[in-house]
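Observations on the three-dimensional arrangement
The lines below spell out each chain.
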Amino acid sequence: MTVIYKKVALIGLGLIAGSIAHAIRRAGLSDTISGYARSAETRDIAREINLCDVVCDNMVDAIKDADLVILAVPVGAMAAVAKEIGPHLKAGATLSDVGSVKASVIKNVSPFVPDNVHFIPAHPLAGTEHSGPRSGFAELFDNRWCIIVPSDQTEDTALNKLRVFWKALGSNVEVMDAQHHDLVLAVTSHAPHLIAYTMVGVADDLSRVTDKEVINFSAAGFRDFTRIAASDPTMWRDVFLNNKEATLEILGRFTEELFDLQRAIRHGDGDYLHDYFTRTRAIRRGIIDAGQDTDAPNFGRNLTKES
Ligand code: NAP
């Protein structure tokens, strides 16, 4: 593979930035990867595991002469980072991010981007419930989607270069506008996370009554919720605070459907329930056919190891 950006700077060195660093190296997409993280502890770990070619103690050093700068910090921290690095970005460089929400990041970061820098937001739809510099791995983006969100002013050459970069990291790439991105993600990721957090919260309340039976006899449905509900609290706080409208719209619809299902259970309307579950099963089939999850029983868990 050929070098796409000579120097890539990663601001924030957690799961996503770490995975980008590994995937860049796997494919040889840059000559130098520089990185910066807020805490000395994270920077030390990044140095210890050789996550980047150089880990800097301040952001401005990390982005110096970088051809691509990727902001990989929580959504609520993007503006402050952009404010600090904005005046020091190289002319002609591309500034991108990996934030899970797009409209608010664009609104908050844009004022700090100089005219001679291409600001092209992106969001890789790939992640795990783990965080921190040790959690990244090169295969994270393989066959997952990365949504790129250019503006009307984005130059084609800069956009295409970023598209080629994400493809070389292993992703499929789609271009979308910010509002549409935020609505799609509210359905596919943000609302499901909130529901998982709620379900685990409810079970936690209940477990106090049932003396930990919820934990001990945890069956697949609940266990899968707990995996999602173990996701980073800071990241998810910021997602909901920054994708308010779309998430509330989807939760409103969710509540209506939940009431319909509740009513069907109360009135013994088996046909309604059966039809509903048949429809949802088809959606699951579609996700597997698209290669976005495994069809292995129990999500591919090794049952002999687990039991
Ligand atoms: P992570 O593993 O928790 O890493 C976050 C990084 O940001 C850490 O290096 C942390 O520094 C730094 N950071 C946290 N708060 C900061 C602040 N206020 N100012 C400056 N730096 C700060 O998180 P991640 O999963 O890689 O997520 C990073 C971004 O990717 C987020 O915007 C998230 O929405 C997006 N994203 C996440 C996923 C996912 O599933 N995890 C998927 C797609 C996109 P310290 O370590 O020094 O605290």
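Residues numbered from 1 in each chain as written. Predicted model: local features only at pLDDT ≥ 70, side-chain atom pairs only at ≥ 80, totals over all residues. Heavy atoms only, no water.

Counting across every chain of the model gives 17 salt bridges. With a shortest N-O distance of 3.2 Å, arginine 25 and aspartate 53 are connected by a salt bridge. Residue arginine 25 is located in helix α1 (residues 15-27), and its partner aspartate 53 is located in the loop between α2 (40-48) and β3 (54-55); the two are separated by 28 residues in the primary sequence. When its relative accessible area of 34% is taken as the criterion, arginine 25 is described as partly exposed. (Salt bridge = Lys/Arg side-chain N within 4 Å of Asp/Glu carboxyl O. Helix = DSSP H or I, 4+ residues; strand = E, 2+ residues; numbered from the N terminus. Buried < 20%, exposed > 50% of the residue type's maximum accessible area, 1.4 Å probe, protein only.)

On to helix α6 (residues 156-168), then. Each turn of an α-helix holds 3.6 residues, which means side chains three or four residues apart point in the same direction. The end-to-end C-alpha separation of α6 is 18 Å, in line with the 18 Å expected for 13 residues at 1.5 Å each. For α6, every residue scored as buried is listed here: Ala158, Leu159, Leu162, Phe165, Trp166 and Ala168. Residue glycine 170 follows α6 closely and has a positive phi angle near 115 degrees. (Expected span 1.5 Å × (residues − 1).)

According to the domain assignment, the protein chain consists of domain 1 (7-176) and domain 2 (180-268). One C-alpha centre belongs to domain 1, the other to domain 2, and the line joining them spans 29 Å. For the pair domain 1 and domain 2, the summed buried area comes to about 1,200 Å², and 65% of that belongs to carbon and sulfur atoms. In this assembly, domain 1 and domain 2 are joined by one salt bridge. Measuring nitrogen to oxygen at the nearest pair gives 3.3 Å for the salt bridge that ties glutamate 129 to arginine 227. When residues in the side of domain 1 that touches domain 2 are grouped by element, the largest group, three residues, is from helix α5 (residues 103-109). (Domains from an automatic or database assignment. Buried area = accessible area lost by both parts, 1.4 Å probe.)

This part covers the site of the ligand. By nearness alone, 26 residues border the ligand, and Arg38, Ser39, Thr42, Val73 and Ser100 come closest of all. Arginine 38 places a side-chain nitrogen or oxygen 2.8 Å from an oxygen atom of the ligand. At 2.5 Å, a side-chain N or O of threonine 42 approaches an oxygen atom of the ligand. The fraction of the free accessible surface of the ligand (910 Å²) that becomes covered by protein chains is 84%. Of all the elements in the fold, those that place two or more residues in the shell around the ligand are α1 and β7 (122-124). (Near = heavy atom within 4 Å. Polar contact = N/O pair within 3.5 Å; in protein donor to acceptor, adjacent residues only side chain to side chain. Areas by Shrake-Rupley, 256 points an atom, 1.4 Å probe, with all protein chains shown as cover.)

A word on the side chain of histidine 190. Positionally, histidine 190 belongs in helix α7 (residues 178-209). Taking relative accessible area as the criterion, histidine 190 reaches 0% and is therefore assigned buried. Here the side chain of histidine 190 touches serine 100 through a polar contact of 3.4 Å, landing on its backbone oxygen. Contacts of histidine 190, omitting those with residues within four sequence positions, involve Ser100, Val101, Leu185, Trp236, Val239, Phe240, Asn243 and Thr247. (Contact = heavy atoms within 4.5 Å.)

Below, the discussion takes up helix α12 (residues 270-289). Its 20 residues give α12 an end-to-end C-alpha distance of 28 Å, which sits within 8% of 28 Å, the value for a rise of 1.5 Å per residue. Every buried residue of α12 is accounted for by Leu273, Tyr276 and Ile288. For α12, the angular spread of the buried residues around the axis is 125 degrees, confining them to a single face. Exposed side of α12, more than 90 degrees from the buried face: Asp271, His274, Asp275, Arg279 and Asp289 are the residues found there. The inward-facing, buried residues of α12 abut α11 (244-266). Looking one or two places after α12, you find glycine 291, whose phi comes out positive at around 75 degrees. (Arc of directions from axis to C-beta.)

What follows covers the packing of aromatic side chains. What describes a pair of aromatic rings is the distance from one ring centre to the other and the angle between the planes of the rings. Counted according to the given criterion, the structure contains six aromatic pairs. Measuring from ring centre to ring centre gives 6.2 Å for phenylalanine 165 and tryptophan 166, while their planes differ by 80 degrees; the resulting arrangement is edge-to-face. For tryptophan 166, a relative accessible area of 1% gives the class buried. A ring pair is formed by tyrosine 276 and phenylalanine 277, whose centres lie 6.4 Å apart and whose planes are at 85 degrees; its orientation type is edge-to-face. Tyrosine 276 sits in the buried class, given a relative accessible area of 16%. Of the residues examined, phenylalanine 277 reaches a relative accessible area of 48% and is grouped as partly exposed. Grouped by ring-pair contacts, the aromatic residues Tyr5, Phe141, Phe165 and Trp166 constitute a single cluster. One cation-aromatic arrangement involves arginine 279 over tyrosine 276; the distance from NZ or CZ to the ring centre is 5.0 Å. (Phe/Tyr/Trp six-rings, centres within 6.5 Å; stacked < 30°, edge-to-face > 60°. Lys NZ or Arg CZ within 6 Å of the ring centre and 35° of its normal.)

What follows covers the packing of α11 against α12. Contact geometry for α11 and α12: axes closest at 9 Å, N-to-C directions at 140 degrees. In terms of orientation, α11 lies oblique with respect to α12. Together, Glu257, Asp260, Leu261, Ala264 and Ile265 of α11 and Tyr272, Leu273, Tyr276, Phe277 and Arg279 of α12 make up the contact between the two elements. Split into classes, the residues belonging to the contact of α11 with α12 amount to seven nonpolar, no polar and three charged. (Axes fitted to C-alpha atoms, helices over the stretch in contact; angles between N-to-C directions. Parallel < 35°, antiparallel > 145°, perpendicular 65-115°, else oblique. Nonpolar A, V, L, I, M, F, W, Y, C, P; charged D, E, K, R; others polar.)

Strands in a sheet are paired, the pairing made by backbone hydrogen bonds, and the direction either parallel or antiparallel. One open sheet holds the three strands; their spatial order is β7-β8-β9, and the pairing between them is mixed. Whereas interior strands pair on both sides, the edge strands pair on one side only; in this sheet they are β7 and β9 (172-175). On average, each strand axis in the sheet is inclined to that of its neighbour by 20 degrees, with strand direction left out of account. Across three bridges, β7 lies against strand β8 (residues 145-148) in antiparallel orientation. Following the sheet pairing, histidine 123 is matched in β8 by isoleucine 147. Where α6 meets the sheet, its contacts fall on β7, β8 and β9, and the angle it forms with β8 comes to roughly 165 degrees. (Pairing = 2+ DSSP bridges.)

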